[in-house]
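An overview of the molecular structure
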Amino acid sequence: MVKTPIKVIVRTRPTVEFAYKNININENTGHIAINIPKSAEQGMRFVNHQQEDWGFTFDKVLQNASQEVVFDICGKELIHSALGGYSGTIMAYGQTGAGKTFTMMGSQIDYKYRGMMPRCISLLFQEIEARYEQQITVGVSYLEIYNEMMYDLLAGGDQNSGLAIQEDNNGYVQVKGLTIKRCQTEEDAIAQLFEGETNRTISEHKLNKASSRSHCVFTVHLEIRSKVESAEKVIISKLNLVDLAGSERTKKTGSEGRTLLEAQFINKSLSFLEQVVVALSEKQRDHIPYRQSKLTNLLKDSIGGNSKTVMIANIWPEKNQLEETISTLKFAQRMMKVTNESSIRVNLDPQVLIKKYEKEIKDLRQELAMHDTLANRGRIQYEPYTPEQQYKQQQIAQQFLNGELEDIDIDSLRQVKELFFQFRNLYRNLVKDLENKNYIPRTEKEPDVSKKKSDQVKTVDPVGYEENKHGFGLGKARKDGKPTTNIENLVNIPKDEFKQLDEKAQQEIRKESQITEANKESTIEKRIVNVDKQQAFTDFKNKEGFFNQPTNIRKYCNIYKIYHLESIERRRRIALSLSQRFQTNSKL
C-alpha cells in the first residue's frame, strides 16, 4: 500500500486579454500570485477591509502549454501505474469555459489537438503490445451524471435502466448495470469514446457555445494475467478520466429555463464535492459525506481511496474572471491536502483454479496408483465410501467395541477415517440413549429365554409391574395384592377428605363386623318379609292401638333392627373398600 497525495496541475486558458496586472505566474516554482486592488470609491465612503492579495503554490503550473505537454506531465505516469496494478484518475476541474473538455477530449478536427482521453488510449495499447509476458484484457465504459441522474452513454437504447452505485466486499466502487465494451485494438476503444461523446448533453450560454451540462466519467478497465507465472492470478485496475461540468455564475452566463436548472444541479454537486474534500483534509473528521451526491459517491475511490489521482485545475486568466479563478485555485489547494492509499488489487480466477486443481488431483491419483503397484498393495480405491461400505464399517466398529473382534485389518488411510467416523456416531447414539434413559447395559452372557420366562411367572409383583424401572408404571392389581404404603404418600389427594383409620379403629370395625355377621345369620331367619308398613299402621290405628298390641310392637322393632344393622354393614364395607383402593393406587 502506497500513500500518495493528490497531484494538482494548474493549466491556464490561452487568451489575448491576459490580466498581467493582476496575475503573476511562476512556472518554475508553481506559484501563482493574484492581486485585486481595492475600489477607490468604496474607500472614500467607508473603511474597506477587502483582501487584495492571494498566493497559491501547486505541483505544476502550465501556461500556454500544448496538449502533448499536458499529457506528458499528467497522463504518462498514470498509464504505467495502471498497467502495474494501481488504479488512477485524471480529473479536470474549473469554471465554465475554462477549457476542461478541451483538455480531456480535445478537438475532433485536428489530430494534434486531441486530448487526454484519446492519448491515454493510444499509449495504453502501445504498452500492451510491448508486454509479451502478460495477457491484458481491456474494457471501456462511459457514464454521464446529468441532473443527479446517471446515464450509460454506450448502452444505445434505454440509457438509464437499472444503474446503481454500489461497493463490493472489498470496498471498491462499481456501477451496477453499466455497459463495459471489450476492446481488442486502439481503434475499437476510440470508436467507443466517440460514440459516447455524441450522446453527451451540451448547451449554449454567453461564456461557452458548447458547454457541458453534465459530469462524464470515461473508465478503462484492465485485467492483467501473467503468461509466465500462475495463470489464476488476475490483477484488476482501472483508469478514470473525469470531465466535470464547470461551475457557473448565472449573473454572467445569463442562463434561463432549462439551462438555469442544469446550472443549479451542477453547482450543487460541485458544492458537495468541495465538502468531501474539506472533510478529507481535516484529520479529526470521522464521517466523510460521500453519499450526498452521485458524483462524490462515484469518485470515492479517486478522492481519499485506492487510486493515484491527478487533478487539472483550469483557470481563465482574464480580469473579468478573477473571482472564479480565485475560487478554483482555493479548491485546488484544498485538494492537495487529501492523501490516497493506493494498492494492487489481486483476484483469483475461479474457473482457472478449478482446472488447475482438477489437473493436480489427476496427477496425484496416478502417482498413488504407481506407488501402490510398486509396494505390492494391490488395487486400492481412493473414492469416498458408498452407503453399503459405510454400514459394513459400522458393523466392524460395533463388533470391536463389543469385544467380538480383537484386531481390525487396516488397508488405507481412508478406512481409518471412516472407522473414526463410525466410532463417533456410536458414541453419539450411546449418549443419546443415556439422556433418554433407554440404555440397558449388556451382560457378558445372555440368560436363557425359557428360564427368564419361568422366572417371570414365578416372580409376581404384589400389585402391578413397572416399565424400564423409571417413573410410573401401569399394571393390573391382583385380588390378593395388599397395599404397603399409606394414603398420606399419595400425590394431590386431600387428606381431610380421605382419612386413614388407625389400627385400633380398624380392629374394632373388624370385631363389629364379625359380631354383625353372626347376628345377621340369626336375624335373617326371623326377618319379616313382605310387611306393608302403611297397612300395619292403618290396622294399628283402626283396631287396638299401638301400646295395647305387643305383637305389632315386636314386628316393627324387628323391622327397625334389620334395617339398622344393614345400614351399619353397608357403611363399614364402603370404608374398607375406599381404604384398600387408595392404598393400592399409592403402590402403583
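What you see is a predicted model, and the numbers here were worked out from it, not measured in a lab.

1. Examining the overall build of the protein
- Along the protein, the regular secondary structure elements total 17 helices and 19 strands.
- Counting the 588 residues in the protein, one finds 36% classified as buried.
- As displayed, the protein has an accessible area near 37,700 Å², and 50% of this comes from carbon and sulfur atoms.

2. Some remarks on the confidence of the model for the protein
- Residues at a pLDDT of 70 or more form 73% of the protein, whose mean pLDDT is 79.
- Contacts for the low-pLDDT stretch residues 544-556, under 50 throughout, to residues beyond four places or in other chains number 13 contacts.

3. Focus on the UniProt feature "binding site: ATP" (unreviewed entry) in the protein
- As annotated in UniProt, the feature "binding site: ATP" (unreviewed entry) corresponds to Gly94, Gln95, Thr96, Gly97, Ala98, Gly99, Lys100 and Thr101 in the numbering used here.
- By the secondary structure assignment, Gly94 is in strand 7 (residues 88-94).
- Here Gly94 is in contact with Lys100, Ala245, Gly246, Ser247, Asn314 and Thr328, once residues within four sequence places are set aside.
- With respect to the helices and strands, Gly97 occurs in the loop between strand 7 and helix 4 (100-104).
- On the basis of relative accessible area, Gly97 is assigned to the buried category, the value being 10%.

4. Digging into the pairing of strand 2 (residues 7-12)
- Counting buried residues along strand 2, five of its six residues qualify, which places the element largely inside the surrounding structure.
- In terms of strand pairing, strand 2 meets strand 17 (residues 308-315) through six bridges, oriented parallel. Bridge pairing in strand 17 links Val8 to Met311.
- Here strand 2 runs beside strand 6 (residues 60-62); their pairing, made up of three bridges, is parallel. Among the inter-strand pairings, Ile9 is bridged to a residue of strand 6, identified as Lys60.

5. Quick notes on the environment of Val10
- Turning to its location among the elements, Val10 is positioned in strand 2.
- When neighbours within four sequence positions are excluded, Val10 is seen to be in contact with Ile32, Phe58, Lys60, Val61, Leu62, Ala313, Ile315 and Leu329.

6. Side note on the environment of Leu329
- Structurally, Leu329 is set in helix 10 (residues 322-335).
- Exposure remark for Leu329: the relative accessible area of 0% places this residue in the buried category.
- Along the chain, Leu329 and Thr57 lie 272 residues apart, while their C-alpha atoms are 9.3 Å from each other.

7. With respect to the pairing of strand 17
- Across the eight residues of strand 17, seven count as buried, placing the element largely inside the fold.
- With seven bridges joining them, strand 7 and strand 17 adopt parallel strand pairing. If you follow Tyr93 over to strand 17, its bridge partner there is Ala313.

8. A short note on helix 3 (residues 76-83)
- For helix 3, every residue scored as buried is listed here: Leu78, Ile79, Ser81, Ala82 and Leu83.
- At the C-terminal side of helix 3, Gly85 shows a positive phi close to 110 degrees.

9. Details of the pattern of salt bridges
- On inspection of all chains with the given rule, the structure shows 15 salt bridges.
- Salt-bridge contacts for Arg182 lead to Glu223; the nearest nitrogen and oxygen are separated by 3.8 Å. Here the residue Arg182 occupies a position in strand 12 (residues 181-183), and Glu223 occupies one in strand 15 (residues 215-226), the gap between them amounting to 41 residues.
- You can call Glu223 partly exposed: its relative accessible area is 23%.
- The residue Asp301 makes a salt bridge to Lys238 at a minimum N-O spacing of 3.8 Å. One end of the pair, Asp301, is in the loop between helix 9 (294-298) and strand 17; the other, Lys238, is in strand 16 (residues 233-243), with 63 residues separating them in the sequence.
- For Asp301, a relative accessible area of 8% gives the class buried.

10. Some remarks on the sheet that holds strand 3 (residues 23-26)
- The sheet built from three strands is open, its strands ordered 3-4-5 with antiparallel pairing. Each of the sheet's edge strands pairs with one partner strand only, and the pair in question is strand 3 and strand 5 (53-57). Each adjacent strand pair in this sheet contributes to an overall mean axis angle of 10 degrees, direction not counted.
- In terms of strand pairing, strand 3 meets strand 4 (residues 31-35) through four bridges, oriented antiparallel. Note that in strand 4 the partner of Ile23 across the bridge is Ile34.

11. Looking at the packing of helix 2 (residues 67-74) against helix 5 (residues 116-130)
- Interhelical geometry of helix 2 versus helix 5 gives an angle of 60 degrees and a closest axis separation of 10 Å. Between helix 2 and helix 5, the angle is such that the two are oblique. The chirality of how helix 2 crosses helix 5 is right-handed. When helix 2 is examined against helix 5, the residues Gln67, Glu68, Val70, Phe71 and Cys74 are found in contact with a partner set consisting of Met116, Arg119, Cys120 and Leu123.
- Taken together, the residues of the contact of helix 2 with helix 5 break down into six nonpolar, one polar and two charged.

12. A word on the packing of aromatic side chains
- For the structure on display, the rule yields five aromatic pairs.
- When the centroid spacing of 6.3 Å and the interplanar angle of 20 degrees are considered together, the rings of Phe56 and Phe58 count as stacked. Of the two residues, Phe56 and Phe58, both sit in the buried class.
- Geometrically, the ring pair formed by Phe400 and Phe423 is tilted, given 6.3 Å between the ring centres and 55 degrees between the ring planes. In this pair, Phe400 sits in helix 12 (residues 387-402) while Phe423 sits in helix 13 (residues 413-436), placing the two residues 23 residues apart along the sequence.
- With relative accessibility at 34%, the residue Phe400 sits in the partly exposed group.

13. Brief notes about the state of the cysteines
- Inspection of every chain in the model, using the stated rule, returns zero disulfides.
- Free of any disulfide, Cys74 has its nearest neighbouring cysteine sulfur in Cys120, separated by 9.5 Å.
- The class of Cys120 is buried, set by a relative accessible area of 3%.

14. Some points on unusual backbone geometry
- Residue Asn64 is not a glycine yet carries a positive backbone phi of 55 degrees.
- With respect to the helices, strands and loops of the structure, Asn64 is situated in the loop between strand 6 and helix 2.
- For Asn64, a relative accessible area of 53% corresponds to the exposed category.
- At Glu148, a residue that is not glycine, the phi angle is positive and equals roughly 60 degrees.
- Mapped onto the elements of the fold, Glu148 is located in the loop between strand 8 (134-146) and strand 9 (149-152).

Rules and cut-offs
Residues numbered from 1 in each chain as written. Predicted model: local features only at pLDDT ≥ 70, side-chain atom pairs only at ≥ 80, totals over all residues. Heavy atoms only, no water. Helix = DSSP H or I, 4+ residues; strand = E, 2+ residues; numbered from the N terminus. Buried < 20%, exposed > 50% of the residue type's maximum accessible area, 1.4 Å probe, protein only. Areas by Shrake-Rupley, 256 points an atom, 1.4 Å probe, with all protein chains shown as cover. pLDDT = per-residue confidence, 0-100. Contact = heavy atoms within 4.5 Å. UniProt positions renumbered as here; feature names shortened; annotations may be inferred. Pairing = 2+ DSSP bridges. Salt bridge = Lys/Arg side-chain N within 4 Å of Asp/Glu carboxyl O. Axes fitted to C-alpha atoms, helices over the stretch in contact; angles between N-to-C directions. Parallel < 35°, antiparallel > 145°, perpendicular 65-115°, else oblique. Left-handed = near helix turned anticlockwise from the far one by under 90°. Nonpolar A, V, L, I, M, F, W, Y, C, P; charged D, E, K, R; others polar. Phe/Tyr/Trp six-rings, centres within 6.5 Å; stacked < 30°, edge-to-face > 60°. Disulfide = S-S within 2.5 Å.

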